[in-house]
Amino acid sequence: VLFGCTRLTMAEGAPMRSDYKEEKEKEKDVRTSNIVAAKAVADCIRTSLGPKGMDKMISSPTGEVVITNDGATILSQLEVHHPAAKMLVELSKAQDIEAGDGTTTVCVLAGALLGAVSSLMTRGIHPMSIAESFSHACQKALEVLNSVAIPLDLSDRESLLKSAITALNSKVVSQYSNLLAPIAEDAVLSVIDPKTAINVNLKDIKVIKKLGGTIDDTELIRGLVFTQHASHSRGGPSRIQNAKIGLIQFCLSAPKTYMDNSIVISDYQQMDRVLKEERTHILTMCKKIQKTGCNVLLIQKSILRDAVNDLSLHLLAKMKILVVKDIERDEVEFITKTLGCVPIASIDSFVPEKLGKADLVEEVGSNESKLVKITGIPNAGKTVSVVVRGSNKLVLDEAERSLHDALCVIRSLVKKKCMIAGGGAPEIEVAMQLTNYSKTLKGVESYCVRSYAEAFEIIPYTLAENAGLHPIAIVTELRNRHAQGEKTAGINVKKGAITNMLEENVVQPLLVDTSAVTLATETVVMLLKIDDIVITR
């Protein structure tokens, strides 16, 4: 009876306690699962950090191969299924949009912060306490970064160049950084007013990839470039001086009937008449174009029928009009902004006032690597074109991505005109100052802020590890130098020592670091607040 009573008592009191315990265990399991998945993504790209970082070869199911060490590119190519891991992919995209550089840094930092969260939770600290402490520490970290920043003026081209070269030094095409950095700098400064600009619209800089040649042949063109060839099917010109340029959105070919109509021809006379009318129709349009003084014609691609036919090309060639066909719809806005011309939707509205002007239009290059260049545009809009060349598709794609990062670095300096030392110097300074700050706090918050500070050491640690140096010795030495007041001391991966980063010209925009810290902390805090994953049908 006593044994039975004991069983009865346990059975009455157990359900409530066991349900609560199961719920807590479930929350813990969900958080652990999220942290493990997100950390796995961060560890995947950790080896790509820094100038000595490794590259990844990504092979798609279609057989396409991509070689890169850009964090955002690697993560965008990964097939990620776990919802928490997808958040890290989105994190790198957000950093790419905001700053353009530091996409690997932001994921590595988020991974380290998640590691800190994991150790704090094993001590029994509530996730909400950790989230609040991390948000508080993030504000303090931003204050530290702002305190070590160096103000910059956009007229100081040398400092802009240093930042762009630092960004390019970690890329596959790092040996060409002295060529690509000045191109990126000139391109950005050409499309803005340095005195008043607070942002840069990178759509005003058109990057054109062309296979053939080497990266050394990459050039900046203050004008317009088309990858489409000039039409030579009927012996048209390939060079026009004092060009008057028209951009048309209608078709220079015979009109067609509606889909449900058809024309039935019963004899040869009717066929001859149709062909004659077709020729007359096209000739009338070509004469109207010639009458306006237009000698360069850009024809937008048509999806309904051929925008031009052999007859119209033959007539335009006889009139010595250079024709570039198959202009894409999304290029129209850039062309009109550059040339100052107006797109013409019908032959009746083709008037001289809608034409653009240029000193020279010519086709350059040989065989497959031909380009049509338009230069010497009076009152040109604030746009430029960059032609990137490469010996193969893999190098060409990576050169374009690297140039985009360099452009984004200059844009970051336009947005926030401050720069900081690179080489892990700001991260160690943040770690040291936050550790000192945590000593002034009490209780759980002190623990959390200290763990947050220690997570920042992952950046210099990874830089040293990827460079083949002894990470613990290097980070200890770096911490010691910062404790002595050397705020710009960082890891020189080329010399394998701790040096002053400003003297080594290793600098980066402040926006890259502040954005990385803010976005990484936001993502970690968001993951902390998730206690269950619900799958819907």
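As annotated in an unreviewed UniProt entry, the chain carries the name T-complex protein 1 subunit delta and is attributed to Physarum polycephalum.

(A) Spotlight on the sheet that holds strand β4 (residues 205–211). Pairing is mixed across the open sheet formed by three strands, whose spatial order is β4-β12-β5. If you trace the sheet from one side to the other, it starts and ends with β4 and β5 (219–221), each paired once. Going from strand to strand, the sheet's axes swing by 25° on average, the running direction of each strand aside. Looking at chain direction, β4 and strand β12 (residues 384–390) are connected through seven bridges and run parallel. Directly across from K210, in β12, lies its bridge partner R389.

(B) Quick peek at the sheet that holds strand β9 (residues 322–327). Sheet architecture is open: six strands sit in the order β6-β11-β10-β7-β8-β9, paired in mixed fashion. Looking at the sheet topology across the chains shown, the edges are occupied by β6 (223–226) and β9. In this sheet, adjacent strand axes meet at a mean angle of 30° when their direction is disregarded. Pairing of β6 with strand β11 (residues 371–375), which is carried by four bridges, proceeds in the antiparallel orientation.

(C) Quick peek at the domain arrangement of the chain. Domain parsing of the chain yields domain 1 (25–151 + 421–529) and domain 2 (223–379). Taking the mean C-alpha position of each, domain 1 and domain 2 sit 54 Å from one another.

(D) Quick peek at the packing of helix α5 (residues 127–147) against helix α12 (residues 425–438). Direction vectors running N to C along α5 and α12 enclose 125°, while the axes themselves pass 9 Å from each other. In this view, α5 runs oblique relative to α12, as classed from their interaxial angle. Pair α5 / α12 crosses with right-handed handedness. Between α5, through H136, A137, K140, A141, V144 and L145, and α12, the contact on the second element is made entirely by P426, E429, V430, Q433, L434 and Y437. Counted by class, the contact of α5 with α12 contains eight nonpolar, two polar and two charged residues.

(E) Representation of the packing of aromatic side chains in the model. Across all of its chains, the model carries two aromatic pairs by this definition. With 5.1 Å between their ring centres and 65° between their planes, F134 and Y452 make a pair best called edge-to-face. Taken together, the positions of F134 in helix α5 and Y452 in helix α13 (residues 443–455) put the pair 318 residues apart, joining distant regions of the chain. Across from the ring centre of Y437, 4.7 Å away, lies the NZ or CZ of K140, which sits over that ring.

(F) The arrangement of the side chain of T103 in detail. Among the secondary structure elements, T103 is positioned in helix α4 (residues 103–122). A distance of 3.4 Å separates a polar side-chain atom of T103 from the backbone nitrogen of G71. Here A72 takes part through its backbone nitrogen, which lies 3.3 Å from a polar atom of the side chain of T103.

(G) Highlighting the nonpolar core. Counting 78 residues, the largest nonpolar core has I130, F134, Y452, I491 and V517 as the members making the most contacts within it. The biggest single contributor to this core is α4, with twelve residues. When near neighbours in sequence (up to four residues on either side) are disregarded, I491 contacts G423, P460, L463, A464, L469, I474, L478, A497, I498 and M501. With 34 residues, the next largest nonpolar core counts L154, I192, V200 and L202 among its residues.

(H) Quick peek at empty space enclosed by the protein. Scanning the entire structure with this criterion turns up four cavities of 30 Å³ or more. Lining the largest cavity are V148, A421, A425, P426, K487 and T488. Grouping the constituent residues of the lining of the largest cavity by class yields four nonpolar, one polar and one charged.

(I) How the structure looks around helix α6 (residues 157–168). With twelve residues, α6 ought to run about 16 Å at 1.5 Å a step, and its terminal C-alpha atoms sit 17 Å apart, in line with that. When α6 is considered as a whole, its buried residues turn out to be S159, L160, S163, A164, T166, A167 and L168. Turning to α6, the residues buried within the fold contact α7 (177–190), α11 (393–415), β13 (418–421) and β16 (507–509).

(J) Geometry of the packing of helix α8 (residues 268–291) against helix α9 (residues 310–318). One way to put it is that α8 packs onto α9 with a least axis distance of 10 Å and a crossing angle of 40°. Taken together, the axes of α8 and α9 lie oblique to each other. The hand of the α8/α9 crossing is right-handed. In this structure, α8 contributes R279, I282, L283 and C286 to the contact, and α9 contributes L311, S312, L315 and L316. In terms of residue class, the contact of α8 with α9 is made up of six nonpolar, one polar and one charged.

(K) Representation of unusual backbone geometry. One non-glycine residue, N242, adopts positive backbone phi at about 50°. Along the polypeptide, N242 turns up in strand β7 (residues 239–248). Overall, N242 belongs to the exposed group, its relative accessible area being 61%. Positioned with a positive phi, N505 is a non-glycine residue whose angle comes to about 60°. Mapped onto the secondary structure, N505 falls in the loop between β15 (497–500) and β16. With relative accessibility at 36%, the residue N505 sits in the partly exposed group.

(L) The pairing of strand β8 (residues 296–300), seen in detail. Across the five residues of β8, five count as buried, placing the element largely inside the fold. Where burial is concerned, the two faces of β8 agree: the one with V296, L298 and Q300 and the one with L297 and I299 are both buried. Bridge count for β7 against β8 is four bridges, and the pairing is parallel. Along β8, the bridge assignment pairs G246 with L297.

(M) Structural view of helix α14 (residues 458–466). Taking burial as the measure, the nine residues of α14 include seven buried ones, the bulk of the element. Along α14, the residues classified as buried are I458, I459, P460, T462, L463, A464 and N466. Of the residues trailing α14, G468 is marked for its positive phi of about 80°.

Rules used throughout
- Residues numbered from 1 in each chain as written.
- Predicted model: local features only at pLDDT ≥ 70, side-chain atom pairs only at ≥ 80, totals over all residues.
- Heavy atoms only, no water.
- Pairing = 2+ DSSP bridges.
- Helix = DSSP H or I, 4+ residues; strand = E, 2+ residues; numbered from the N terminus.
- Axes fitted to C-alpha atoms, helices over the stretch in contact; angles between N-to-C directions.
- Domains from an automatic or database assignment.
- Parallel < 35°, antiparallel > 145°, perpendicular 65-115°, else oblique.
- Left-handed = near helix turned anticlockwise from the far one by under 90°.
- Contact = heavy atoms within 4.5 Å.
- Nonpolar A, V, L, I, M, F, W, Y, C, P; charged D, E, K, R; others polar.
- Phe/Tyr/Trp six-rings, centres within 6.5 Å; stacked < 30°, edge-to-face > 60°.
- Lys NZ or Arg CZ within 6 Å of the ring centre and 35° of its normal.
- Polar contact = N/O pair within 3.5 Å; in protein donor to acceptor, adjacent residues only side chain to side chain.
- Core = buried A, V, L, I, M, F, W, Y, C linked by side-chain atoms within 4.5 Å.
- Buried < 20%, exposed > 50% of the residue type's maximum accessible area, 1.4 Å probe, protein only.
- 1 Å grid on protein atoms, 1.4 Å probe; cavity = no way out; pocket = protein on both sides within 12 Å on 5 of 7 lines; lining within 4 Å.
- Points joined across faces, edges and corners; volume = space filled by probe spheres on them.
- Expected span 1.5 Å × (residues − 1).

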